[in-house]
Amino acid sequence: MDNEKIGPFIRQLRKERHLTQKELAAMLNITDKAVSKWELGASLPDVALLLPLAEALDISVTELLGGLRSPGSPPQALDTPPQDTAGDILSYTERASSQRREKLRLWLFAGASGTFLLSAAVCWACDTALNGTLSWSLIVDLSLLLAWVVLLPLLTARRHALPLALGALSAAILPYLYLLGRLLGDSRVFRFGLPIAPAAVLYLWAGWAVWRKLRCSRLSAAGIILLLTAGLNLFVNAVTGAITSGGRTLRGDSLFTLVLAAACFLADYVLRRQKA
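Here is what the cut-offs are and how they apply
- Residues numbered from 1 in each chain as written.
- Predicted model: local features only at pLDDT ≥ 70, side-chain atom pairs only at ≥ 80, totals over all residues.
- Heavy atoms only, no water.
- Patch = residues over 30% accessible without salt bridge, like charges linked within 9 Å, V, L, I, M, F, W, Y side chains within 5 Å.
- Areas by Shrake-Rupley, 256 points an atom, 1.4 Å probe, with all protein chains shown as cover.
- Salt bridge = Lys/Arg side-chain N within 4 Å of Asp/Glu carboxyl O.
- Helix = DSSP H or I, 4+ residues; strand = E, 2+ residues; numbered from the N terminus.
- Core = buried A, V, L, I, M, F, W, Y, C linked by side-chain atoms within 4.5 Å.
- Buried < 20%, exposed > 50% of the residue type's maximum accessible area, 1.4 Å probe, protein only.
- Contact = heavy atoms within 4.5 Å.
- Expected span 1.5 Å × (residues − 1).
- Bend = angle between axes of the 7 residues up to and from the residue.
- Axes fitted to C-alpha atoms, helices over the stretch in contact; angles between N-to-C directions.
- Parallel < 35°, antiparallel > 145°, perpendicular 65-115°, else oblique.
- Left-handed = near helix turned anticlockwise from the far one by under 90°.
- Nonpolar A, V, L, I, M, F, W, Y, C, P; charged D, E, K, R; others polar.
- pLDDT = per-residue confidence, 0-100.
- Arc of directions from axis to C-beta.
- Phe/Tyr/Trp six-rings, centres within 6.5 Å; stacked < 30°, edge-to-face > 60°.

It is worth spelling out a nonpolar patch on the surface at this point. Residues Trp124, Leu134, Leu138 and Leu183 make up a contiguous nonpolar surface patch of about 340 Å² in total accessible area. Inspection of the secondary structure puts tryptophan 124 in helix H6 (residues 86-131).

As structure tokens, then:
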């Protein structure tokens, strides 16, 4: 059951009944462009149109979904679908929804890519007009490139989009910091980022794994993620203090995060006791 098979079948039946695309569209209260897309295999009819379309073409819903007329089967007046078509309709609905999601992802990807390219071009033009060369615009472009690399799997991947995006971030973050430091002419950018960026990426991976593992116990997952957040905060403070020869190893924001984690664990314990 696919649109490449259903489309030609609809066109064949329409021509057999000497109907134009406009006439068939008028019978269904839709545009002739929608009928044209069906026949070209570019889209599938909405599930709400299956019954009226089958009646207009004098076939059953089962034949319409199969893209083939059943020999010797009489046309059905289908005010309600028969039992044997329920599974076909469900499968058809899932396929149509999947196609709509795929098109939405492609449009979002094209829109995001176009926006990034336009932003980069505007920065190049402004930087060249003001300075006569490319300077600060390269920093913006580098950041846009990192954002595009991370967004790419989120907008295009059908499965495992989040771990793929985290993988892209893991691979790109250190090269990004190195190039950023070179463009800024400040080696401290990479010196600070070298220990902190991997820790931050590891934190994101751990948070994703915890939430995925404990999705049925969200309070416990939130408590563990808050503990990880406090640990990352302490690590960043320690690294910053070591590099700058100052800083404090324990800050108020870390303590507050620990209190929130304790509150999550306590609330989870109370809820579990009530259910027991």
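Back to the write-up after that little detour.
Another aspect to go through is the nonpolar core. With 21 residues, the main nonpolar core has Ile10, Leu24, Trp38, Leu53, Leu57, Ile59 and Leu64 as its most contacted residues. Those elements that place two or more of their residues in this core are helix H1 (3-16), helix H2 (21-28), helix H3 (32-40), helix H4 (50-56) and helix H5 (61-66). Setting aside residues up to four positions removed in sequence, leucine 53 forms contacts with Ile10, Leu24, Leu28, Trp38, Pro45 and Leu64. If you look at the next biggest cluster of nonpolar residues, it comprises twelve residues, including Val150, Ala165, Leu169 and Ala172.

Attention shifts here to helix H8 (residues 161-184). With 24 residues, H8 extends 32 Å between its outermost C-alpha atoms, agreeing within 8% with the 34 Å of an ideal straight helix rising 1.5 Å per residue. In H8, a bend of some 35° at alanine 172 exceeds every other bend along the element, and proline 175, a proline, comes one to four places later. Residues of H8 that are buried include every one of Ala161, Pro163, Ala165, Leu166, Ala168, Leu169, Ala172, Ile173, Tyr176, Leu177, Leu180 and Gly181, and no others. Looking one or two residues beyond H8, the residue adopting positive phi is glycine 185, at roughly 70°.

Our focus in this paragraph is the packing of H2 against H3. The axes of two packed helices give the description: the angle between them and the distance between them. Taken N-terminus to C-terminus, the directions of H2 and H3 make an angle of 110°; their axes are 8 Å apart at the nearest point. With respect to H3, the element H2 is oriented roughly perpendicular. In this structure, H2 meets H3 at a crossing whose hand is right-handed. Residues Gln21, Lys22, Leu24, Ala25 and Leu28 of H2 form the contact with H3, whose own contacting residues are Asp32, Val35, Ser36, Trp38 and Glu39. A breakdown of the residues in the contact of H2 with H3 according to their chemical character gives five nonpolar, two polar and three charged.

Once that is clear, we can look at the confidence of the model for the chain. For the chain, per-residue confidence averages 84 on the pLDDT scale, and 86% of positions sit at 70 or higher. Within the chain, the lowest mean pLDDT, 79, falls on H5, and the highest, 94, falls on H8. Across residues 74-84, where pLDDT falls below 50, the model places 14 contacts with residues more than four positions away in sequence or in other chains.

What follows concerns H2. Along H2, the positions that sit buried rather than exposed are Leu24, Ala25 and Leu28. With its buried residues spanning 100° around the axis, H2 presents them on a single face. Projecting away from the buried face of H2 at angles above 90 degrees are the exposed residues Lys22 and Ala26. Of the residues flanking the end of H2, it is asparagine 29, one or two places downstream, whose phi is positive at about 60°.

Not every positive phi belongs to a glycine, and histidine 18 is a case in point at roughly 55°. When you line up the elements, histidine 18 lands in the loop between H1 and H2. Residue classification places histidine 18 among the exposed positions, given a relative accessible area of 71%. Here the phi dihedral of histidine 160 falls at roughly 55°; this positive angle occurs in a residue that is not glycine. Locating histidine 160 in the fold gives a position in the loop between helix H7 (136-156) and H8.

Before going further, it helps to spend a moment on the packing of aromatic side chains. Overall, the coordinates contain three aromatic pairs when judged by the stated rule. Their ring planes at 85° and their centres at 5.7 Å tell us that tyrosine 178 and phenylalanine 190 sit as a pair that is edge-to-face. Of the two residues, tyrosine 178 is situated in helix H8 and phenylalanine 190 in helix H9 (residues 188-213); the sequence distance between them amounts to twelve residues. When its relative accessible area of 40% is taken as the criterion, tyrosine 178 is described as partly exposed. Assessed through its relative accessible area of 26%, phenylalanine 190 is described here as partly exposed.

We now examine the environment of glycine 41. Relative to the elements of secondary structure, glycine 41 occurs in the loop between H3 and H4. Considering only alpha carbons, one finds glycine 41 and glutamate 4, 37 residues apart in sequence, at a separation of 4.8 Å.

With that out of the way, let us pick up the pattern of salt bridges. Scanning all chains against the criterion turns up four salt bridges. Between arginine 17 and glutamate 16 there is a salt bridge, with the nearest N and O atoms lying 3.6 Å from each other. Overall, arginine 17 belongs to the partly exposed group, its relative accessible area being 26%. Classification of glutamate 16 as partly exposed rests on a relative accessible area of 39%. When the shortest N-O distance is used, the salt bridge between arginine 272 and aspartate 268 registers 2.9 Å. With a gap of four residues between them, arginine 272 and aspartate 268 both fall in helix H11 (residues 252-275), about one helical turn apart.

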